[in-house]
Amino acid sequence: QGEILGLVGESGSGKSSLSKAITGLLRLTEGEISLSEGCEHPQMVFQDPYGSLNPAKKIGWTLEEPLKIKGGMTKKERRQRVQEALKEVELLPEHAKRYVRELSGGQRQRVAIAAALINQPKLVILDEPVSALDATVQEQILELLCRLQQEHGMSYLFVSHDMNVVCKICDRVMVLYQGKLVEQGETQEVFCNPQHEYTKELLGD
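Predicted model, so just to flag it, every value in this text is computed and none were measured.

Asker: Explain the nonpolar core here, please?
Answerer: A general trend in soluble globular proteins is that nonpolar side chains are found buried together. Ranked by size, the top nonpolar core spans 46 residues in total, and within it Leu63, Ile113, Leu148, Tyr156 and Phe158 carry the most contacts. Among the elements that take part in this core, helix α5 (residues 105-117) stands out by supplying 7 residues, more than any other. For Leu148, the residues in contact, after removing those within four places along its chain, are Glu88, Val89, Ile113, Leu117, Gly153, Met154 and Tyr156. Core analysis: the second largest hydrophobic core is formed by 11 residues, Leu123, Val159, Met174 and Leu176 among them.

Structure representation (structure tokens):
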């Protein structure tokens, strides 16, 4: 609870499959996933914001729709919450009136983050959230994610193949190899003293 857990491994190791299974986007064929109280509705931020956001709808609609589905708010309250969400991810009120195609890559990912956080989940899965961004914007988004995590006390499952990013922001890390968990522990311990040969390969040892 309240930590950033890194999930690392090469392409095809099972990172995205596990993430989708946790959020219910992928049906389990065996085994089970247990979510603690308050984490029953985890949200996800995908690698490609343009592919995960509806290009036919304006940003305001995208952010308001989860509130409509959850219910319990008036139209005025929903609109107010949308404005708060935009401010949280450092976007302006007028961005609500724009389409996805009218935003930069960094702005799109900020919208995707706002959409994931709009209903204040306890668990957010970040699937390669900065890998499609250039270095400068990547740094800005990472700083934003860390700030939001601290302000709201959320837990992140941070999926990445970028070991430098994982080392920088994750409290603990799990290493997946061919669908199996081969190593886990505090990030600094795993990075400084890897035990599994696969982990050593990932770290370039």
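Let us keep going from here.
Asker: Can you help me understand the packing of aromatic side chains in this one?
Answerer: Two measures describe an aromatic ring pair: the distance that separates the ring centres and the angle between the ring planes. On inspection of all chains with the given rule, the structure shows 1 aromatic pair. A cation sits over an aromatic face here: Lys57 above Trp61, 5.1 Å from the ring centre. The ring of Tyr99 carries the charged tip of Arg101 above its face, separated from the ring centre by 4.5 Å.

Asker: Help me out: how do you make sense of the pattern of salt bridges in this one?
Answerer: Opposite charge on two side chains makes pairing possible when the charged atoms of those side chains draw close. In total, this model carries 10 salt bridges according to the counting rule given. Across the pair Glu84 and Arg81 runs a salt bridge, and its minimum N-O distance is 3.6 Å. Of the two residues, Glu84 and Arg81 both sit in helix α4 (residues 75-88), 3 residues apart, roughly one turn of that helix. In this structure, Glu90 and Arg110 form a salt bridge, with 3.1 Å as the shortest nitrogen-oxygen distance. With a gap of 20 residues between them, Glu90 in the loop between α4 and α5 and Arg110 in helix α5 connect regions that are remote in the sequence. On the basis of relative accessible area, Arg110 is assigned to the buried category, the value being 10%. Overlapping salt bridges, with partners in common, bring together Glu90, Arg110, Arg147 and Glu151 in one network.

Asker: What is the right way to read the sheet that holds strand β6 (residues 180-186) from this model?
Answerer: Paired through backbone hydrogen bonds, the strands of a sheet run either parallel or antiparallel to each other. The sheet built from 6 strands is open, its strands ordered β2-β3-β4-β1-β5-β6 with mixed pairing. The outermost strands of the open sheet, each flanked by one partner alone, are β2 (43-45) and β6. Within this sheet the neighbouring strands show an average axis-to-axis angle of 20 degrees, counted without direction. Where β2 lies against strand β3 (residues 123-127), 3 bridges are found, and the strand directions are parallel. When the bridges of β3 are listed, Met44 appears paired with Ile125. The sheet strands contacting α5 are β2 and β3, and the helix crosses β2 at an angle near 175 degrees.

Asker: Explain the pairing of β3 here, please?
Answerer: Extensive coverage of β3 is indicated by the burial of 5 of its 5 residues. Of the two faces of β3, both are covered, the one formed by Leu123, Ile125 and Asp127 as well as the one formed by Val124 and Leu126. The sheet contact formed by β3 and strand β4 (residues 155-160) spans 5 bridges and is parallel. Bridging across to β4, Leu126 finds its partner in Phe158.

Asker: Explanation requested: the environment of Val8 in the structure shown.
Answerer: Of note, Val8 is situated in strand β1 (residues 4-8). For Val8, a relative accessible area of 0% gives the class buried. A C-alpha to C-alpha distance of 29 Å links Val8 and Ala85, two positions 77 residues apart in sequence. Leave out the neighbours within four places in its chain, and Val8 touches Lys15, Ser160, Met163, Val166, Val173, Met174, Val175, Leu176 and Leu202.

Asker: Would you mind going over the side chain of Ser19 with me for this structure?
Answerer: Looking at where Ser19 falls in the secondary structure, it is placed in helix α1 (residues 15-23). Owing to a relative accessible area of 0%, Ser19 belongs among the buried residues under this scheme. Once residues lying within four places of it in the same chain are set aside, the contact partners of Ser19 are Met44, Ile125 and Val159.

Criteria and cut-off values
- Residues numbered from 1 in each chain as written.
- Predicted model: local features only at pLDDT ≥ 70, side-chain atom pairs only at ≥ 80, totals over all residues.
- Heavy atoms only, no water.
- Core = buried A, V, L, I, M, F, W, Y, C linked by side-chain atoms within 4.5 Å.
- Buried < 20%, exposed > 50% of the residue type's maximum accessible area, 1.4 Å probe, protein only.
- Helix = DSSP H or I, 4+ residues; strand = E, 2+ residues; numbered from the N terminus.
- Contact = heavy atoms within 4.5 Å.
- Phe/Tyr/Trp six-rings, centres within 6.5 Å; stacked < 30°, edge-to-face > 60°.
- Lys NZ or Arg CZ within 6 Å of the ring centre and 35° of its normal.
- Salt bridge = Lys/Arg side-chain N within 4 Å of Asp/Glu carboxyl O.
- Pairing = 2+ DSSP bridges.
- Axes fitted to C-alpha atoms, helices over the stretch in contact; angles between N-to-C directions.

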